[in-house]
Structure formats: structure tokens, C-alpha cells
Amino acid sequence: FFSSRRRHTRSFHVTGVQTCALPIYAVVGVDGMKCKHCKLHVENAFNEKDGNWAEVNLEKKEADVRMKTKMTDREIRDTVSKAGYVLSDIEWKQA
């Protein structure tokens, strides 16, 4: 049995993503990630939202997030927070 404090991770496998179909791009700094499990938590938090695709770089403590429609800074912060981590910064990029 699982402890009630243990988090359950459901993995969203996103394959065949054409990033050109997701024109909005942000590099999101995330504090608190330490392992592949952490990486999955953050990626899944973004990927479960329709029209988003995220890939985390643990070494840089960043998530590359591509979006079909632009999320607000608050929505990004809430998504990172929901995953259990702290947003450090958002850098909007040209796709």
C-alpha cells in the first residue's frame, strides 16, 4: 500500500510532436528538481494540458515549453507549483 503522502506519477508520453505546430516558446526555470522523477512531474504537468509540450533539462533546471496558445505567467507558475516545484523565471523566445 502507498502512503497517503506519496505522489503518484502518471506519465504522458508525447511522441511525434511537430514543434512548428506549437508557435509559442518559453524557457521556464524550475527550482527543486533533482532526479528523473522530478523531471517527469514537471513535464507531465505541462503535457497534460492540451496544446502544450514540455521537455525538462535537469542540469540547467529548465523546462522548454512549447504552446499552441500562450499561457500567462501566472498559469505557468501555477503549473510548476502544481507539480511541486518553484518557478524561478520565464524567458519568452521566438519559435
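We now turn to the structure provided with this report. Fair warning: this is a prediction, and the values are worked out from it, not measured in the lab.

**Examining the overall build of the protein**
Then, in step 1: Within the protein, the secondary structure is distributed over 2 helices and 4 strands.
Then, in step 2: Its helices and strands taken in sequence order, the protein reads β-α-β-β-α-β from the N to the C terminus.
Then, in step 3: Across the 95 residues in the protein, those meeting the buried criterion constitute 33%.
Then, in step 4: Of the contacts made within the protein by residues no fewer than 6 positions apart, 68% connect residues no fewer than 24 positions apart.
Then, in step 5: If you sum the accessible surface of the protein, you get close to 6500 Å²; carbon and sulfur atoms cover 47% of it.

**Topic: the pattern of salt bridges**
Then, in step 1: What the rule picks out here adds up to 5 salt bridges.
Then, in step 2: Lys82 is the salt-bridge partner of Glu48, the closest N and O atoms lying 2.1 Å from each other. Taken as a pair, Glu48 in the loop between helix H1 (36-47) and strand E2 (52-57) and Lys82 in helix H2 (residues 73-82) lie far apart in primary sequence, 34 residues in all.
Then, in step 3: The class of Glu48 is partly exposed, set by a relative accessible area of 33%.
Then, in step 4: Residue classification places Lys82 among the exposed positions, given a relative accessible area of 54%.
Then, in step 5: Of the charged contacts in the structure, one is a salt bridge between Lys93 and Glu91, with a shortest N-O distance of 2.9 Å.
Then, in step 6: Residue classification places Lys93 among the partly exposed residues on the basis of a relative accessible area of 36%.
Then, in step 7: A network of salt bridges, in which partner residues are shared, links Arg74, Arg77 and Asp78.

**Thoughts on H2**
Then, in step 1: Among the residues of H2, those classed as buried are Ile76, Thr79 and Val80. Axial view of H2: buried residues confined to an arc of 95 degrees, hence all on one face. Residues of H2 that are exposed and angled more than 90 degrees away from the buried face: Arg74 and Lys82.
Then, in step 2: Of the surrounding secondary structure, the elements contacted by the buried residues of H2 are strand E1 (24-31), H1 and strand E4 (86-94).
Then, in step 3: Gly84 sits one or two positions beyond H2 and adopts a positive phi of about 100 degrees.

Cut-offs used in this document
Residues numbered from 1 in each chain as written. Predicted model: local features only at pLDDT ≥ 70, side-chain atom pairs only at ≥ 80, totals over all residues. Heavy atoms only, no water. Helix = DSSP H or I, 4+ residues; strand = E, 2+ residues; numbered from the N terminus. Buried < 20%, exposed > 50% of the residue type's maximum accessible area, 1.4 Å probe, protein only. Contact = heavy atoms within 4.5 Å. Areas by Shrake-Rupley, 256 points an atom, 1.4 Å probe, with all protein chains shown as cover. Salt bridge = Lys/Arg side-chain N within 4 Å of Asp/Glu carboxyl O. Arc of directions from axis to C-beta.

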